[in-house]
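Results of the structural survey
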Amino acid sequence: MTTSPTRPPSMAPAGTPGARQQGNGAHPAAKPLHDQWSEDPGAKPIVYVNGRMLPKREAMVSVYDHGLLYGDGVFEGIRIYRSKIFKCASHMERLYRCAEQIHLKIPISVDEMVRVQRDCIAANGLTDGYIRLVVTRGFGTLGLDPRRCPVPGVICIADQIRLYAEDLYKSGMRVVVAKRPKTPVACLDPRVKSLNYLNNILAKCEAIDAGCDEAIMLSTDGYVTECTGDNIFVVKNGRVFTPPPVCGASGLLEGVTRAFVMRTLCKDCNVPVEERLMRLDEVLGADEVFLTGTAAEIIAVHSVGECRISNGEGPVTARLRNRFRQIVTSDAIPED
Ligand code: PMP
């Protein structure tokens, strides 16, 4: 199936030639999230927008906001487990660091940002869910000049999320290798979680075209970096490897889940882990491959393109994922 130059895949009506196959059949997006809220889908969640708590239907930003006009801003995706903000401090550290890297001064303190999140969790009665924090350049003029945007916008949405069906975690998923390379660090550092995700979205369109949900992205000089919305790990002879933050010309988002796998889960499971520059061959020749991300958590990859990696989730991935689930369902959710 070819990519329509004018319409992204998700906008093609089902059953039309432009409609993409949903990877692996049961895609959770089929069930609208508002079903989980109430009879009135516009009432919940209550969303924080620039200092106000508003029902979903009223939670809006200006068409002059540079976050919308130019993708000028930063964001975070954060999990809520048992009403706690998982790895809250790590997410705050990344958010404020990324904002600084794009010369954006977040108008509220870290403590206030944490309070906003706790208010949204409480207002929506969430125990398990997902927080999307967005900081935009703010309302400005139609030109690019960020100096014309005096007040950055701050948005906090606490909602539900489910990326993949439960059975996919046992069976593993198929991914492809995107033809489109990852933006080089010299152009836009992928370590910055900016609102500018088109490079990833267009690689994701390649995955969707190929009938799956994720794509491995290579640097312009051929190193494995990460997937469109997840970090990548390989397992070989009982050892775990993942690409370093800068790989050749490009790099990757230093995922909070990636750090948790490296620093906590691998240690707890007694599995050696190291960062290593990788070519695609190392992924194709791995015993196991898995992806990590806040929304996806830990998910196995059974095939890369036409190359079979494993039959379902491999034993090391299973151990790490079990340990992950043990921790996030315990009384001690790490908020560091
Ligand atoms: N890489 C990219 C490009 C991402 O967008 C994300 C977040 N969805 C990740 C990796 C994983 O990061 P984290 O574990 O912090 O969610």
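Refer to the structure presented above.
Note on numbering: residues in each chain are counted from 1, in written sequence order. Residues qualify for local features only when their pLDDT is at least 70, as the model is predicted, and side-chain atom pairs are given and counted only at 80 or more; totals for whole chains, interfaces and linings, by contrast, use all residues.

Notes on the overall build of the protein
Labels follow the DSSP assignment, with helices taken as runs of H or I lasting at least four residues and strands as runs of E lasting at least two, numbered in each case from the N terminus. Within the protein, the secondary structure is distributed over 8 helices and 17 strands. With C-beta atoms placed from the backbone, a residue is labelled by how many other C-beta atoms lie within 10 Å of its own: buried for 20 or more, exposed for 12 or fewer, partly exposed between the two. Taken across its 336 residues, the protein has 39% of its residues classed as buried. Restricting to contacts in the protein with at least 6 residues of sequence separation, those with at least 24 account for 70%. C-beta atoms are first placed from the backbone for all residues, and any pair lying within 7 Å is then listed as a contact.

Observations concerning the sheet that holds strand E4 (residues 84-85)
A pair of strands is labelled paired if DSSP reports no fewer than 2 bridges between them. Spatial ordering of the open sheet is given by E2-E1-E6-E5-E3-E4, a layout of 6 strands whose pairing is antiparallel. The open sheet terminates on both sides in strands that have one partner only, identified here as strand E2 (52-55) and E4. Between N-to-C directions, angles cover 0 to 180 degrees, with each direction set by a line fitted to C-alpha atoms, over the stretch in contact for helices. Packed onto the sheet, helix H2 (residues 88-101) meets strand E3 (73-81), E4 and strand E5 (129-136) and runs at close to 175° relative to E3.

Looking at the site of the ligand
Around the ligand, 14 residues are found, and the nearest of them are Leu253, Gly255, Val256, Thr257 and Thr294. If you list the elements that add at least two residues to the shell around the ligand, you get helix H6 (256-268) and strand E15 (288-293). Amino acid classes used here: Ala, Val, Leu, Ile, Met, Phe, Trp, Tyr, Cys and Pro are nonpolar; Asp, Glu, Lys and Arg are charged; the rest, including Gly, are polar. Looking at the shell around the ligand residue by residue, the class counts come to 2 nonpolar, 9 polar and 3 charged. By convention here, the C-beta atom is placed from the backbone, and a residue is near a molecule or strand when that atom is within 6 Å of it.

Remarks on the nonpolar core
Structurally, a nonpolar core is described as a collection of buried Ala, Val, Leu, Ile, Met, Phe, Trp, Tyr and Cys residues joined by way of C-beta atoms within 7 Å. Within the largest apolar cluster, 48 residues are counted, with the highest numbers of intra-cluster contacts made by Val175, Ala215, Ile216, Val289, Ile299 and Val301. Every residue in contact with Ala215, bar those within four places of it in the chain, is listed here: Val175, Val176, Val177, Ala178, Ala203, Lys204, Glu206, Ala207, Cys227 and Thr228. Listed in part, the 25 residues of the second largest apolar core include Ile85, Phe86, Tyr130 and Cys156.

Some thoughts on the pairing of strand E7 (residues 173-177)
In terms of burial, E7 is a largely internal element, 4 of the 5 residues being buried. Two elements, E7 and strand E16 (residues 297-304), share 3 bridges in a ladder whose sense is parallel. Bridge pairing in E16 links Val175 to Val304. Relative to strand E8 (residues 214-218), E7 runs parallel, the two sharing 3 bridges. Within the sheet, the bridge partner assigned to Val177 lies in E8 and is Ile216.

A look at the packing of H2 against helix H3 (residues 110-123)
Interaxial distance between H2 and H3 falls to 11 Å at its minimum, and their mutual angle equals 125°. On the basis of their axis angle, the class for H2 and H3 is oblique. Considering only the axes of H2 and H3, their crossing is right-handed. Between H2, through Cys88, Met92 and Tyr96, and H3, the contact on the second element is made entirely by Val110, Met113 and Val114. The class makeup of the residues in the contact of H2 with H3 is 6 nonpolar, no polar and no charged. Geometric relationships in this document are graded by angle, where less than 35 degrees denotes roughly parallel, more than 145 denotes roughly antiparallel, 65 to 115 denotes roughly perpendicular, and other angles denote oblique. Each crossing gets its hand from how the near helix is turned against the far one by less than a right angle, where anticlockwise is left-handed and clockwise is right-handed.

Some thoughts on unusual backbone geometry
If a residue is not glycine, its phi is most likely negative; likewise, a peptide bond is most likely trans. In this structure, Pro45 follows Lys44 across a cis peptide bond, with omega equal to 0°. By secondary structure assignment, the location of Pro45 is in the segment before strand E1 (46-49). One non-glycine residue with positive phi stands out, namely Asn237, at about 50°. On the basis of neighbour count, Asn237 is assigned to the exposed category, with 7 C-beta atoms found within 10 Å. Non-glycine residue Asn270 carries a positive phi angle of around 60°. As for its position among the elements, Asn270 is in the loop between H6 and strand E14 (273-275).

Focus: the environment of Thr183
Here Thr183 shows up in the loop between E7 and helix H5 (198-209). On the neighbour-count criterion, Thr183 (21 C-beta atoms within 10 Å) is buried. Discounting chain neighbours no more than four positions away, the residues touching Thr183 are Leu188, Pro190, Asn199 and Ser250.

Quick look at the pairing of E3
The two faces of the sheet receive side chains in turn, since in a regular strand these alternate between them. Here E3 runs beside E5; their pairing, made up of 8 bridges, is antiparallel. Within the sheet, the bridge partner assigned to Ile78 lies in E5 and is Ile131. Between the antiparallel neighbours E3 and E4 lie 2 residues, among them Arg82 with a positive phi of about 50°.

Focus on H5
A rise of 1.5 Å per residue sets the reference length of H5, with its 12 residues, at 16 Å; its end C-alpha atoms lie 16 Å apart and thus fit the reference within 8%. Taken together, the buried positions of H5 are occupied by Asn200, Ala203, Lys204, Cys205, Ala207 and Ile208. Positive backbone phi, at 80°, marks Gly211, one or two positions downstream of H5. Helix span, as expected, comes to 1.5 Å for every residue beyond the first.

Describing the packing of H6 against helix H8 (residues 315-328)
Two elements in contact, H6 and H8, have axes whose closest approach is 9 Å; the angle formed by their N-to-C orientations is 105°. Taken together, the axes of H6 and H8 lie roughly perpendicular to each other. Residues Val261, Leu265, Cys266 and Asp268 of H6 form the contact with H8, whose own contacting residues are Leu320, Arg323 and Phe324. Looking at the contact of H6 with H8, its residues break down into 5 nonpolar, no polar and 2 charged.

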